[in-house]
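Secondary and tertiary structure notes
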Amino acid sequence: MAGHDAFTPEQLSLIHGAGRGREWARGEAVVSEGAPSTDIVLIESGLVKITTELENGYTSVLAVRGPGELLGELSCLDGRPRSATATAMETVTGSIVPGERFRRLLAAHGSLALAVLRSVAARLRDSDRLRAEHGAYPAVVRIARVLAVMALRHGVRDEEPPGGVAVHVSQRELAGAAGTSRETLVRAFATLESEGLIVRRRGYTLVTDVEGLRGWSGA
């Protein structure tokens, strides 16, 4: 998952100024897989999950995106249909920028074009790393690594216990992101909970020791 610090405040302001504001309710599709590639979206608040539908009907969770990240930039540049669906995990606000206007921005601002290229490259590296990990690590380690990354990049600080971080992603979504089954995830959670690294809460997972989870998983 590419970090949310790929763009400077000035670059984000450029993108924001070229678009129009929009809000999406939880569960609403921000972009849809297979749809024509017209606009890009700059997320300004909230989280979205990136999913794709496989031929066997399984929904694979590819990533979680948050504030300061773009959606649809690849389709905007190559003209192909959307390769995945982005769904709001909570109320999301953002700016929708028409594709032609976004391409003009990139042509006029070389530093912005380079930042977009770096962001895309980081996502591709993340994707390659995740595919490699699926074959190299047992499920419990993959789940721990996914949780650690989500806690660091998109977690919400929790007051109890001190230093705890809430990851607002469902168990089904975590299983998809780690490339495993819900049943395997439940067993992995029991292991992580016994290690004192997480606590299962209704609707989310509380990471009680982020650095401990990183060390345990090697993330």
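Here the structure is a predicted model, which means the values were calculated and not measured. For every chain, the first residue of its written sequence is number 1, and the numbers climb from 1 along that sequence. Predicted model: local features are reported for residues with pLDDT of at least 70 only, side-chain atom pairs are reported and counted for 80 or more only, and whole-chain, interface and lining totals are derived from all residues. To get the side-chain values, take all heavy atoms of the structure and skip hydrogens and water.

Attention shifts here to the sheet that holds strand β6 (residues 70–71). The criterion for strand pairing is that DSSP finds at least two bridges linking the strands in question. For helices the rule is a DSSP run of H or I covering at least 4 residues; for strands it is a run of E covering at least 2, with both sets numbered from the N terminus onward. Reading across from one edge, β1-β8-β3-β6 is the order of the 4 strands in this open sheet, with antiparallel pairing throughout. Both outer strands of the open sheet, β1 (20–24) and β6, are each paired with one neighbouring strand and no more. Bridge analysis of strand β3 (residues 39–45) against β6 gives 2 bridges, and the strand direction is antiparallel. Paired with V41 across the bridge in β6 is L71. Taken strand by strand, helix α1 (residues 9–17) contacts β3, β6 and β8 (92–98), and its axis lies near 125° from that of β3. A contact between two residues is defined here by any heavy atoms of the two lying within 4.5 Å. Lines fitted to C-alpha atoms define the axes here, with helix axes fitted over just the stretch in contact, and angles between the N-to-C directions of these axes take values from 0 to 180 degrees. The sheet contacts of helix α3 (residues 99–108) involve β3, β6 and β8, and relative to β8 the element is tilted by about 80°.

In this approach, a probe sized like a water molecule rolls over the atoms, and the result shows the empty space that is left. Only protein atoms enter the calculation, which uses a 1 Å grid: trapped sets of points that fit a 1.4 Å probe without letting it out are cavities, open sets showing protein on both sides within 12 Å along at least five of seven lines are pockets, and any residue with an atom within 4 Å of a point is a lining residue. Grid points are joined across faces, edges and corners, and a volume is the space filled by probe spheres set on the points. Its boundaries defined by the atoms lining it, the second largest pocket holds a volume of some 260 Å³. What lines the second largest pocket is a set of 14 residues, among which R26, M89, H168, V169 and G203 lie closest to the centre. Three residue categories are used. Nonpolar comprises Ala, Val, Leu, Ile, Met, Phe, Trp, Tyr, Cys and Pro, charged comprises Asp, Glu, Lys and Arg, and polar comprises the others, including Gly. For the lining of the second largest pocket, the class distribution of residues is 5 nonpolar, 5 polar and 4 charged.

Once that is clear, we can look at the side chain of E73. With respect to the helices, strands and loops of the structure, E73 is situated in helix α2 (residues 73–78). Throughout this description, a polar contact denotes any pair of N or O atoms lying within 3.5 Å of each other; where both atoms belong to protein, one of them has to be capable of donating a hydrogen while the other can accept it, and for residues adjacent in sequence the pair is counted only when both atoms sit in side chains. In this structure the side chain of E73 is engaged in a polar contact, spanning 3.1 Å, whose partner is the side chain of R123. Once residues lying within four places of it in the same chain are set aside, the contact partners of E73 are I40, F102, V116, S119, V120 and R123.

Any residue under 20% of the maximum accessible area for its type is buried, any over 50% is exposed, and the rest in between are partly exposed; the area is computed with a 1.4 Å probe on protein chains only. By the alternation rule, side chains of strand β7 (residues 85–88) split into T85 and T87 and A86 and A88, which are all buried. Where strand β4 (residues 48–53) and β7 come together, 4 bridges link them in antiparallel fashion. Looking across to β7, one finds that V48 is bridged to A88.

Right, let's get into the packing of helix α5 (residues 139–154) against helix α7 (residues 182–194). The geometry of a pair of packed helices is captured by two quantities: the angle between their axes and the separation between those axes. Orientation of α5 relative to α7, taken along the N-to-C sense of each, is 75°, at an axis distance of 9 Å. The orientation of α5 with respect to α7, classified from their angle, is roughly perpendicular. In this structure, α5 contributes A139, V140, I143, A144 and L147 to the contact, and α7 contributes T184, L185, A188, F189, T191 and L192. A class-by-class count of the residues in the contact of α5 with α7 yields 9 nonpolar, 2 polar and no charged. Put simply, angles under 35 degrees are roughly parallel, angles over 145 are roughly antiparallel, angles from 65 to 115 are roughly perpendicular, and the rest are oblique.

Think of a salt bridge as a Lys or Arg side-chain nitrogen and an Asp or Glu carboxyl oxygen that are within 4 Å of each other. Per the stated rule, a full pass over the model turns up 8 salt bridges. A cluster of three or more residues bridged by salt bridges with shared partners is formed by R65, E69, E73 and R123.

Scanning the model with the defined rule gives 1 cavity of 30 Å³ or more in all. Reported here for the largest cavity is a volume of approximately 40 Å³. Every residue along the wall of the largest cavity is listed here: L47, V64, M150, H154, G155, A166, V167, H168 and V169. Looking at the lining of the largest cavity, the elements that each hand over two or more residues are α5 and β10 (164–167).

Honestly, that's just the spatial picture; any functional story needs more than this.
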